[in-house]
Amino acid sequence: MEMIELSIDNKVLRVKKGTTILKAARKVGIEIPTLCHMELHNMNIENKPGSCRVCVVEVDGRRNLAPACITEVTPGMVVNTHTVRVLNARKTIVELLISDHPYDCLVCAKSGNCDLQSIAHKFGIRRVHFKGEKSTYQKDTSPSIIRDVDKCIMCRRCEMMCNEVQTVGALSAVNRGFISVVAPAFEMNLEQSSCTYCGQCVSVCPTGALTEVDSTNKVLLALMDKSKTVIVQTAPSVRAALGEEFGLPAGTLVTGKMVAALRRIGFKYVFDTDFAADLTIMEEGTELLGRLKAHLAGESNAKLPILTSCCPGWVNFMEHNFPDLLHIPSTAKSPQQMFGAIAKTYFADLIGVKRQDLVVVSVMPCLAKKYECQRDEFKVDGNPDVDFSMSTRELADLIKQSNIDFLNLPDEDFDTPLGESTGASVIFGNTGGVIEAACRTAYELYTGKKLDVIEFESLRGKEGIRSAKLDFDGLTLNIGIAHGLSNARKLLDDVRAGKSDYHAIEIMACVGGCIAGGGQPYHHGDSKILRQRRNAIYREDKNKTIRKSHENPYIVKLYKDFLGQPCGQKSHELLHTVYYDKSREEITIHHD
Amino acid sequence: METPVNKPKQLRIALRNCGMLDPENIAESIVRDAYQALGKVLKEYSPQECINILKQSGLRGRGGAGFPTGLKWEIASKSKSDQKYVVCNADEGDPGAFMDRSILEGDPHSVLEAMAICGYCIGADKGLIYIRAEYPLAIKRLKIAISQAMEWGLLGKNILGSGFNFEIKLCYGAGAFVCGEETALIHSMEGKRGEPTNKPPFPATSGFMKKPTNVNNVETFANIAPIILKGPEWFSSIGTKNSKGTKVFALAGKINHVGLIEVPMGTSLREIIYEIGGGIKENKKFKAVQTGGPSGGCLTEKHLDTPIDYENLIAAGSMMGSGGMIVMDENDCMVSVAKFYLDFIVGESCGKCTPCRVGNKRLYEILERITQGKGVMKDLDKLKNLSYIIKDTALCGLGQTSPNPVFSTLENFYDEYYEHVVEKKCRAGHCKNLFHYVINEELCVGCAACKRCCPVHAITGEKRKPHYIDSNICIRCNECIEKCSFDAISIQLEPKILV
């Protein structure tokens, strides 16, 4: 590799050819400020349109200032990162951005987490010298995401996420000049677009232009209502990230404190979505074995590969983009919805509360879950199985609003019966986790043997598309895993073309899985945070005594007392669903 | 009759055939030597030999930046790839400019032929013309020309039996000014949003569909065939030391003969304005000429004798651009001129980078305040500083040159800015907030002609008694002055007096 010598702020250094000034500077401890630039190491996610111009530096011999994030080093380059010319330009650019930004930091959902706010603070901007018209647009509220694009600074991070990482294509820059903004095409709102509500745009938005629909007030009102019994379920990934909102290092597991906090907020029962994840495995695993046996028996209509269906962002994506393949995903509902269905039947009967008086709240790392719980097929006489879905961030807000000293809470346990879970359900939070959990159960059910090694290391990893061959006592099972919807699209294109030889495919909409979901605490482009969360999830699995879904005693009891058998009639009524074609006509560009 | 076009000051190379032939009949073009150069290149020259001829000729890009064409082709020819493209930039967007359109409508084969030559030189077999959809006639004639050239074996497979293949397709632009910038143009052709990206990589190494791409302007292409046929020495004998050949300008504004002209590089502004253009309309006083389009600058009387070439224009604070030339007289307000161009830029910026998207809007707003008489001296400093920062930090050529109208008017017409800000006066009588109409009581006979024509009923008065104009109502449409037969109404260059 060719090395290049240059100097930055009088420090001489040698870096690989192709390195940008920004990265070279970081090597010698010089932090050039950036705004639009964002990079998640090892996840192949990088946004560098070079558009905000905050990172400009002075390069000797160059006519104008150079954007450090996209300018590659050249031999003998002399770079200065803090001359008067540079500081003046940088400050003016941030002032220009602020001059076209609403001054409502005090009431902005992103206050305290806003990159524009912190850079203004860092630059010591106390006055904006430019006053003039501000660009204003219609606010757009969807079931999951709110767009307030008056606050858009055209960093294009959301667009990169939506188009390159997710290939959803809902967001793109529109208009010219001063009124340019990132929006769905043809002034559509998100609901009319092909948006999957994966929320990755929200997780990377540096300002308050994209935020989640806030359900905390609705939850508080339900809690205050004496006629209601309010119960809560928490998804696996929440416990691995919630602590970050309270200043704990990334990857700190706060399961016990979270349960204690929820109890103090006023939830009558604190349950675990993990329980429902175990239930999902029972249903999905049985479905997989059923289809597999049909396939092995030579039935031509055996629907393989089977696709996991617990990710609502992914389900939306499939309904929009692969309407011809709607017969292959598992019909099992997601854990959130399975929980809701069981809570409002089995559990409501158990405690003698009417369905209408039971309010189910979920805490999810996800924004698509907000949309999912509002889907008509998950309602009985208009009453939803899950009433409100909150993000991890909203839970943190709720805890703070409830005057709870989170860090000094004792560790408490989930309530029974819907709070017991296994290690298999915890790993749902990581990419590859669902299929690993399914294999733990499917292996034992299929072969009748005990698993020697519980961890399927071959299913773990961070590559966008992974595949593994598992030996089920002589039967080779081909497993595919994709995370990030662009990778899912590749696998699905193969399936559509008949080129896929997988038996089962796990798909998660967000790169990394739920730990990096759109409802998690903001990572601000720090991929170390995501790595720590991932490790925490595997740690939680290791710490569990029961690590296979079918060994969860409360699951066994649920089947015995209520459901009968996996994929039985009752299961089909309560725990399975159907998918709809949501595709729209494609727009093609006319060329001669 | 002698028309301005025929004056000897002009020399037509790019426009050589415009108006001389039926562009919808290839035979007429061939009679006038079309495809002779292509044949000569394919038969006699290797790609590198042909590139050398262009390098020797000194031809530079006519799109604005003036990059040496031969060198550009050479870089593209040296890029290794299985597929390369030749792109013709026909996204002419400067207000008032129509030289590319005239060439495409009047002599489409000159461009097609040159694109094929370029394809041969750089090793490309596909050409694309990016043309704005607002040019329907040019599109129609290009389509006819392409199909006729294909029929005649001058495009397509195995051209003139040489084994060289070249085909040309059209891509339509939606008329975005920024799509004249080559990286934005390429994105637009790919079906993406027309916005520029950082260079490097240059299109010559990674362009259309990430393949090496050579982008040239229409006028540049129109110069190629004559250079091949008449030799590089002939071409380089025309023009100045570093700018060879001729340049087409679209002469517009307060000048007697408006229209396209083609003059050798080095011709002075005085020759263009007073000899070819026939002088200023109504014999008014020349004030400035704006060259280089929206991102160019204004030249004044002191530049009248400067020989026009790439370097001199830049040194004078303007640029060649694609060749717009708008002449202004004493009735033009220079602050308003700067404001007009900024307005254009604010609407045509792609909106990608902050300085261009927001900075230009703020520049425009400051200029607007000044023309409304609300400016303060600090605004002049702000204008200068912000212009400097936009130039220093914007992403592409459009943004980096967008403050040029402000720079050059501030430099050359500072006193006009000063008058607007301090004296609240617009000497050209252009800024509506800074003057008002008064009726001279001694001259007014009370005929009520002005009263009758006033569209906003700002004039009052009894018959046969002097009338009065209420400045607060008046919209300064000038109708009353034109109607008054007694010269009783005059303009007072003071800000309106609010009653």
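Note that the structure is a prediction, hence the values are computed from the model and not measured. (Residues numbered from 1 in each chain as written. Chains lettered and ligands numbered in written order. Predicted model: local features only at pLDDT ≥ 70, side-chain atom pairs only at ≥ 80, totals over all residues.)

**Comments concerning the overall build of chain A**
Where we set the bar: What counts as a helix is a DSSP run of H or I of at least four residues, what counts as a strand is a run of E of at least two, and both are numbered from the N terminus. Atoms considered for the radius of gyration are the C-alpha atoms alone. The globule rule reads 2.2 Å times the number of residues to the power 0.38. Between the buried cut of 20 or more and the exposed cut of 12 or fewer other C-beta atoms within 10 Å of a residue's own C-beta lies the partly exposed class, and all C-beta atoms are placed from the backbone. Once C-beta atoms have been placed from the backbone, residue pairs whose C-beta atoms lie within 7 Å are recorded as contacts.
Each helix and strand counted, chain A has 18 helices and 22 strands in total. Relative to a compact globule of 592 residues, whose C-alpha radius of gyration would be 25 Å, chain A shows 25 Å and is just as compact. Here the C-alpha coordinates of chain A stretch approximately 80 × 55 × 50 Å along the principal axes. In chain A, which comprises 592 residues, the proportion classed as buried is 52%. Long-range pairs, those at least 24 residues apart, make up 73% of the contacts in chain A with a sequence separation of at least 6.

**Brief notes about the domain arrangement of chain B**
Residues and elements named next belong to chain B. What counts here: Domain ranges listed in this record stem from an automatic or a database domain assignment. Basically, the charged four are Asp, Glu, Lys and Arg, the nonpolar ten are Ala, Val, Leu, Ile, Met, Phe, Trp, Tyr, Cys and Pro, and anything else, Gly included, counts as polar.
Per the domain assignment, the segments of chain B are domain 1 (26-236), domain 2 (246-329), domain 3 (334-423) and domain 4 (435-492). Distance from the C-alpha centre of domain 1 to the C-alpha centre of domain 3: 35 Å. Each partner contributes to the interface: domain 1 provides eleven residues, whereas domain 3 provides nine residues. Residues that form the side of domain 1 that touches domain 3 fall into these classes: seven nonpolar, two polar and two charged.

**Examining the confidence of the model for chain B**
Residues and elements named next belong to chain B. Counted only if it meets this: pLDDT: the predictor's confidence for each residue, scored from 0 to 100.
Averaged over all residues, the pLDDT of chain B equals 92, while 97% of them reach at least 70. Contacts of residues 1-7 to residues separated by more than four positions or lying in other chains number six contacts, the stretch itself having pLDDT below 50. On the interface metric, ipTM, the complex scores 0.91, and its pTM is 0.92.

**Observations regarding helix α6 (residues 108-122) of chain B**
Residues and elements named next belong to chain B. Put simply, the rule is: The span expected for a helix works out to 1.5 Å for each residue beyond the first.
Between the first and last C-alpha of α6 there are 21 Å, a value that for 15 residues agrees with the 21 Å anticipated at 1.5 Å per step. Most of α6 sits out of view: 15 of its 15 residues are buried. Just beyond α6, the residue with positive phi is G123, at close to 85°.

**With respect to the sheet that holds strand β16 (residues 358-364) of chain A**
Residues and elements named next belong to chain A. The cut-off we apply is this: Note on pairing: two strands pair once DSSP finds at least 2 bridges between them. As a rule, the C-alpha atoms of each element are fitted with a line to give its axis, helices using only the stretch in contact, and angles between N-to-C directions run from 0 to 180 degrees.
Ordered by their spatial adjacency, four strands build an open sheet running β14-β13-β16-β19, and the pairing between neighbours is parallel. Whereas interior strands pair on both sides, the edge strands pair on one side only; in this sheet they are β14 (269-272) and β19 (388-391). Within the sheet, the average angular offset between the axes of one strand and its neighbour, ignoring direction, is 25°. Taken together, the four bridges between β16 and β19 define a ladder with parallel strand orientation.

**Thoughts on the interface of chain B and chain A**
Counting residues at the interface gives 31 residues for chain B and 32 residues for chain A. Among the secondary structure elements, those contributing two or more residues to the side of chain B that touches chain A are β3 (167-173), α13 (334-348), α14 (354-371) and α15 (377-393) of chain B. Residues belonging to the side of chain B that touches chain A are distributed by class as follows: eleven nonpolar, nine polar and eleven charged.

**Remarks on the environment of V15 of chain A**
Residues and elements named next belong to chain A. Within the secondary structure, V15 sits in strand β2 (residues 11-16). Given 21 C-beta atoms within 10 Å, V15 falls into the buried group. For the pair V15 and A25, spaced ten residues apart in sequence, the C-alpha separation works out to 9.9 Å. Apart from the residues within four sequence positions on either side, V15 is in contact with M3, I4, A24, K27 and V73.

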